[in-house]
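# Structural description and commentary
Letter by letter, the chains look like this.
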Amino acid sequence: QVHLVESGGGVVQAGGSLRVSCAASGGTFSTWGWFRQAPGKEREFVVAINWSGTSTHYADSVKGRFTISKDNAREVVYLQMNSLKPEDTAVYYCAVGNGWSRSTQYDYWGQGTQVTVSS
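The text that follows walks through the structure, step by step, so that each part is easy to find. Since we're looking at a predicted model, the values are computed, not measured.

### Quick word on the packing of aromatic side chains
Enumeration over the complete set of coordinates arrives at five aromatic pairs. With 5.8 Å between their ring centres and 85 degrees between their planes, F29 and W32 make a pair best called edge-to-face. According to the relative accessible area criterion, F29 is buried, its value standing at 11%. Where F35 meets F45, the ring centres are 5.6 Å apart and the plane angle is 70 degrees; that geometry is what we call edge-to-face. Highlighted residues: F35 in strand β4 (residues 31-37) and F45 in strand β5 (residues 44-50), separated in sequence by 10 residues.

Here it is, written out as structure tokens:
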């Protein structure tokens, strides 16, 4: 069985930083992605990374602020979030599959971790 577990969420002040992580087990995956969902809004793409960690794709809203990285030996993906804004507040979900920015391209999802940015 494939399991993904996110951790590292919390409450931070606007302009601050936070790092969330995603640990996977039970399979191998072409693409790892981060998505987020705020109350009353659709789930949106944040960033994705390929299996080897050599290729990435970022949403325009987070370019220059967020950085994804992968520890291949441990099968863990990290999302470093800097210069956080209140509009970044959401539940952040880790997912694995085969694609880039579409949620339908991902097969397995973690439980999510809450990130709240105060103004």
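### As for the pattern of salt bridges
A complete count under the given rule lists six salt bridges for this structure. The salt bridge involving E75 is made with K70; its shortest N-O contact spans 3.3 Å. On the accessibility criterion, E75 (25% relative accessible area) is partly exposed. D71 serves as the salt-bridge partner of R74, at 3.9 Å between the closest nitrogen and oxygen. With a relative accessible area of 53%, R74 lands in the exposed category. A relative accessible area of 25% means that D71 is categorised as partly exposed. When salt bridges with common partners are traced through the structure, they connect R36, E44, R65 and D88 into a single cluster.

### Focus: the nonpolar core
The nonpolar side chains of a soluble globular protein tend to be buried, and buried together. Formed by 33 residues in total, the largest nonpolar core has its most connected members in W32, W34, L79, M81 and Y92. Contributing elements (two or more residues each) for this core: β3 (18-25), β4, β5, β7 (66-71), β8 (76-81), β9 (90-97) and β11 (113-118).

### Structural notes on the pairing of β9
Of all eight residues in β9, six are buried; the element is thus mostly enclosed. Sheet topology note: the β9/β11 ladder contains three bridges and is antiparallel. Within β11, the residue paired with V91 across the bridge is Q114. Pairing geometry for β9 and strand β10 (residues 106-109), over three bridges, is antiparallel. Each residue of the ladder has a partner; that of V96, found in β10, is Y108.

Rules used throughout
- Residues numbered from 1 in each chain as written.
- Predicted model: local features only at pLDDT ≥ 70, side-chain atom pairs only at ≥ 80, totals over all residues.
- Heavy atoms only, no water.
- Phe/Tyr/Trp six-rings, centres within 6.5 Å; stacked < 30°, edge-to-face > 60°.
- Buried < 20%, exposed > 50% of the residue type's maximum accessible area, 1.4 Å probe, protein only.
- Helix = DSSP H or I, 4+ residues; strand = E, 2+ residues; numbered from the N terminus.
- Salt bridge = Lys/Arg side-chain N within 4 Å of Asp/Glu carboxyl O.
- Core = buried A, V, L, I, M, F, W, Y, C linked by side-chain atoms within 4.5 Å.
- Pairing = 2+ DSSP bridges.

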